[in-house]
Amino acid sequence: MSEVVSNKKSKTPIIMFIVFVLPVVLAYLALTFDWFNKGSTNKGKLLATPLDMSSLVAQREPLWRLLFVMPQECAEECENALYSINQIWVALGKESDRVEPLVLAHQKSHIMDSTDTQRYPNIKVLKVDKINVNNLFKDESTDGIFIADTLGNVILKYPVKQQQDDAIQQSRDILADLRKLLKLSRIG
């Protein structure tokens, strides 16, 4: 009988180690060596440092913004971006009053003519200086569709797609991210 009691006592530290210490060690190793897929659900590229556009939109209502910088030539990628932004805004339905589709246009940008404004009536155009655009985007490329929060921080970027089918799929991704942001946000 004494053998059984001593056998239990020798197993107790091993069981305690397995139950309490081993999970902590495994969790540390999993975090250190990236053994798992991190819990990111956004479809766009989260900007490491948000871009501050508050100076450009200071006079505007604090809304979420779908942002696009108009290039010099509005080729197929540009058309797809404008189409996507317009369709995303329409797809938001009752939430569309919380979002402003906004195109930044500078001196060297393609000028949206009356045909463009008829095709995309919901998109607002903000004329800014090229210097302001350069100051806003600094090291970040301006070719893409961006989401900016109500405080004027550009937080997500989506690449512009050349094929319309890809652009439509990307629009779904942007819409999903924007709906999540609107659901979690109590502002704007």
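About the criteria used
- Along every chain, residues carry numbers that run from 1 in the direction the sequence is written.
- Local features in this predicted model are restricted to residues whose pLDDT is 70 or higher, and side-chain atom pairs enter the listing and the counts only when it is 80 or higher, whereas totals over whole chains, interfaces and linings include all residues.
- Side-chain measures here rest on the full set of heavy atoms in the structure, leaving out hydrogens and waters.
- A pairing counts as a salt bridge when a side-chain nitrogen of Lys or Arg comes within 4 Å of a carboxyl oxygen of Asp or Glu.
- Each helix corresponds to a stretch of at least 4 residues labelled H or I by DSSP, and each strand to a stretch of at least 2 residues labelled E; elements are numbered beginning at the N terminus.
- Throughout this description, buried means an accessible area under 20% of the type-specific maximum (1.4 Å probe, protein chains only), exposed means over 50%, and partly exposed covers the range between.
- Any two strands with at least two DSSP-identified bridges between them are counted as paired.
- Throughout, an axis means a line fitted to C-alpha atoms (over the contacting stretch in the case of helices), and angles, computed between N-to-C directions, take values from 0 to 180 degrees.
- Between two residues, a contact is recorded if the distance between any of their heavy atoms is within 4.5 Å.

For the rest of this paragraph, the subject is the pattern of salt bridges. Tallied over the entire structure, the rule returns six salt bridges. Residues Arg65 and Glu100 are paired through a salt bridge, measuring 2.7 Å at the closest nitrogen-oxygen approach. Highlighted residues: Arg65 in strand S2 (residues 64-69) and Glu100 in strand S3 (residues 99-105), separated in sequence by 35 residues. Judged by its relative accessible area of 9%, Glu100 is buried. Residues joined by salt bridges that share partners form a network here, namely Lys45, Glu140 and Lys157.

Moving on: the sheet that holds strand S1 (residues 45-52). Pairing is mixed across the open sheet formed by six strands, whose spatial order is S1-S6-S5-S2-S3-S4. Edge positions in the sheet fall to S1 and strand S4 (124-127), since each of these pairs with one other strand and no more. With strand direction ignored, the average angle separating the axes of adjacent strands in the sheet is 30 degrees. With four bridges connecting them, S1 and strand S6 (residues 153-158) associate as antiparallel partners. Residue pairing across strands places Leu51 opposite Val154, the latter belonging to S6. Strands in contact with helix H5 (residues 164-184) are S2, S3, strand S5 (145-148) and S6; relative to S6, the strand with the most contacts, it is inclined by about 150 degrees.

Limitation: the analysis is restricted to geometry and does not speak to function.
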